[in-house]
Structures are given as structure tokens and as C-alpha cells.
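Spelled out, the chains give:
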Amino acid sequence: NFAFLLLGAGTVIVLVRNPWLRAFAAWTVIAYLLAGAHGWALSAVAGVLTWVLLHQGASTLSAAAWRKLRAIVVITALGQVAWVGLQIAHLDPLFIPAPVQSGPPPLFVGPHGWFGNPMDLALFLGLALPLCAAVHPLLGGLVAFVLLGLHTTVGAVAVAVTAVWFNWQWLRGWWTRALLVLAIALAGVSYVRVMDPQGAGLRPLIWGQTVQLIGQRPLVGWGPNALDRSVIVLTPKTELRWNFIFNEWLQAWLELGILGPALALGYLVSLLRRLCGRVVEMAELVPVLGILLLASFFSIPLRVGPVALLAAVTLGQLERRLA
């Protein structure tokens, strides 16, 4: 394990150029050691090291290589859409309904593509939506239609952000744009608090318990992957245990201490500072960043494998264009 950590951390330090990501990866390894070097935490460390290396690789892709990669993402997203169609038509040949504790089993699997649940699918399609719309508006419209049909918070946010971005030139005046963005943010907050499909008030309840746990170890955290292992978040009414808390920033603070979200914020600020005055030339990568940022406050986009992969390559390409 220690040989793996030294090799992985050393590779990141040598290859990764972004200082914020290099520091984040190094701190993840240190947090792992400080928390007791548990075996179940290694997957989280490996995930972080892999993510920053993928980001670095994407930051070296040429414009032609990026177009090919974008086409692969679009084809993958359309494959998910097609499989959702099979599930809606009750023709899914692979996934079977999960057994229930009482009553007859369900007759068909709900639409979730090849993911574990509709939220994970919506996260992937949400980040892929701007890329699909950039290839052709009809492809973007098809993916947006499926996203809205999934009835997820992140799906609605992705459609709203993409629609605003691709109609940005028709919105006259900075105040019109600012009011529209503010309206979307307020609608999202109201949706989470009142009409959240997970249950009204569930996320605030989980966040409150998380803040209490953070208060016990605010500096170094509980260690990577500690949630549902070293520490437990439990919703009293349903008695459900959660291994995620619908907020990337709080979960990073819980597991990695204050340096986790601080370094992530530093990386984000470095991107936004370089984006000033160059937003238009970044094209479809800007709404992907916007969707990812908004989703990180009420979901876990970087803890779903394919979604994290898509985030790494798009942010890496954004890094190349901003260089």
C-alpha cells in the first residue's frame, strides 16, 4: 500500500502541472495516512490520483483530438438515451426489477440507463448535454427531453444552464443576464427545499448532521472514504444510512479537513480568473463547468465514476484553452 502511495503521489507531482490539483492529490495521501491508513480508503486515494492524471492528459489534447473525444462522449450519451427508451418500453433485456420486501415485484425497471439510479444517469447526461448541443441542436434537444423526463434536480439545472448559454447572445444587457441567473439559482434552492424528489427537507437534514461531524475534526477530517465507515450519517425518520451527503464541498471537508475544499476552491478561482474576458471562446466547456459547479452543491458528480471521468476531460481541455 505504501509503495502504491509513493508511486502514485510521485507520478502526480512529476506529471501534473496545475499546482492546485497537485496539492489536492498530495493532501489526500496525507489525510489518508493521518486517518489511520485504512484499506477501505485506498480506493478514494486511487480515484483522486487517477482524476488529476486524466485532467493532465486532457489538458494536452489538440483541438482535433478534442473533437474526436467529444464525439465519443456524444455517442455514449445517445447510447444511454436509447437504453432509457428500452426501459420505458419495458424491453430492457439485461436489468431486472429489484425484489421488494412486501407485495408483488415491480413489472419493469425504471429508466436509469446503465447507471445505478436516475440521479447518476442525470449527472452524466447533464454534463454531456452542452457537448451534444454543440454538435447539433437536435441532439441537445433529445438529451434535454430525456433529462427532464428523469425528474431529477440536476437534470433540470443542466437543461436550464445549457439553454441560457446557447441563447446568451439574445439576452441583452448584463442586468437581464444577471436576473436570469439569479432566478435559476433561487428556483434551484426552492426546488431542493420544497419539491426535492429525495424528500422535502432531506438534504438540509443530512447537511446539518454533516456540519456537526465536521465540527469534531475540522482541520484534518475523518479520512478519505470515511463516510459510512468511520462516521455515520443517519436520517431518523427513514433510518437510512448515507455514504454520500448530496454536497461535494461538505463531503470533501468531512473526509479531508478544511484543506480539501480550500484547495478545490483555489483551483476553481484560478479557472474563473482566467475565464474573465474569454468566456465566449471557451464554447461548450463553459456550461459544463457551470453545471458541474451548481451540481456540486446539491449532488455528488465527482463520486460517480463516468461523471468524474467526463468532468476530468472537460476541465482538462478547458485548462488547455486557458493556457
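All figures in this text were calculated on a predicted structure; none of them were measured in a lab.

Conventions adopted
- Residues numbered from 1 in each chain as written.
- Predicted model: local features only at pLDDT ≥ 70, side-chain atom pairs only at ≥ 80, totals over all residues.
- Heavy atoms only, no water.
- Helix = DSSP H or I, 4+ residues; strand = E, 2+ residues; numbered from the N terminus.
- Buried < 20%, exposed > 50% of the residue type's maximum accessible area, 1.4 Å probe, protein only.
- Contact = heavy atoms within 4.5 Å.
- Areas by Shrake-Rupley, 256 points an atom, 1.4 Å probe, with all protein chains shown as cover.
- Salt bridge = Lys/Arg side-chain N within 4 Å of Asp/Glu carboxyl O.
- Core = buried A, V, L, I, M, F, W, Y, C linked by side-chain atoms within 4.5 Å.
- Expected span 1.5 Å × (residues − 1).
- Axes fitted to C-alpha atoms, helices over the stretch in contact; angles between N-to-C directions.
- Parallel < 35°, antiparallel > 145°, perpendicular 65-115°, else oblique.
- Left-handed = near helix turned anticlockwise from the far one by under 90°.
- Nonpolar A, V, L, I, M, F, W, Y, C, P; charged D, E, K, R; others polar.

A. Main features of the overall build of the protein. Helices and strands together make up the secondary structure of the protein, namely 13 helices and 2 strands. Taken across its 323 residues, the protein has 46% of its residues classed as buried. Long-range pairs, those at least 24 residues apart, make up 72% of the contacts in the protein with a sequence separation of at least 6. When the accessible surface of the protein is split by element, carbon and sulfur atoms take 71% of a total near 16200 Å².

B. Molecular detail of unusual backbone geometry. We note that Ala-37 has phi near 55°; this positive angle belongs to a residue other than glycine. Positionally, Ala-37 belongs in the loop between α2 (19-34) and α3 (42-58). Backbone geometry places Asn-225, a non-glycine residue, at a positive phi of 65°.

C. How the structure looks around the pattern of salt bridges. A full pass over the atoms with the stated rule returns 6 salt bridges. Put simply, Glu-255 and Arg-303 hold a salt bridge, and the shortest N to O gap is 3.4 Å. Of this pair, Glu-255 sits in helix α10 (residues 248-256) while Arg-303 sits in the loop between α12 (285-295) and α13 (305-322), and the two are 48 residues apart along the sequence. Classification of Glu-255 by relative accessible area gives buried; the value is 5%.

D. Up close: the nonpolar core. The biggest cluster of nonpolar side chains holds 91 residues, and the ones touching the most others in it are Trp-51, Leu-125, Leu-127, Leu-147, Leu-310, Leu-315 and Leu-318. A per-element tally of this core places helix α5 (residues 118-135) first, with 11 residues. Excluding residues within four positions of it along the chain, Leu-315 makes contact with Trp-51, His-55, Tyr-267, Leu-271, Leu-289 and Leu-292.

E. Expanded view of the side chain of Gln-56. On the secondary structure map, Gln-56 appears in helix α3. Those residues in contact with Gln-56 that sit more than four places away from it in its chain are Leu-15, Val-16 and Arg-17.

F. Structural detail: helix α7 (residues 153-166). The terminal C-alpha atoms of α7, which comprises 14 residues, lie 20 Å apart, in line with the 20 Å expected from a rise of 1.5 Å per residue. Burial of α7 is extensive: 10 of the 14 residues sit out of reach of the surface. When α7 is considered as a whole, its buried residues turn out to be Thr-153, Val-154, Gly-155, Val-157, Ala-158, Val-159, Val-161, Thr-162, Val-164 and Trp-165.

G. The packing of α7 against α12, seen in detail. The geometry of α7 relative to α12 is characterised by a closest axis approach of 9 Å and an angle of 150° between their N-to-C directions. Comparing their axes, α12 and α7 come out roughly antiparallel. As α7 runs across α12, the sense of the crossing is right-handed. Contacts between α7 and α12 involve Val-154, Val-157, Ala-158, Val-161, Thr-162 and Trp-165 from the former and Val-286, Pro-287, Ile-291, Leu-294 and Ala-295 from the latter. Grouping the constituent residues of the contact of α7 with α12 by class yields 10 nonpolar, 1 polar and no charged.

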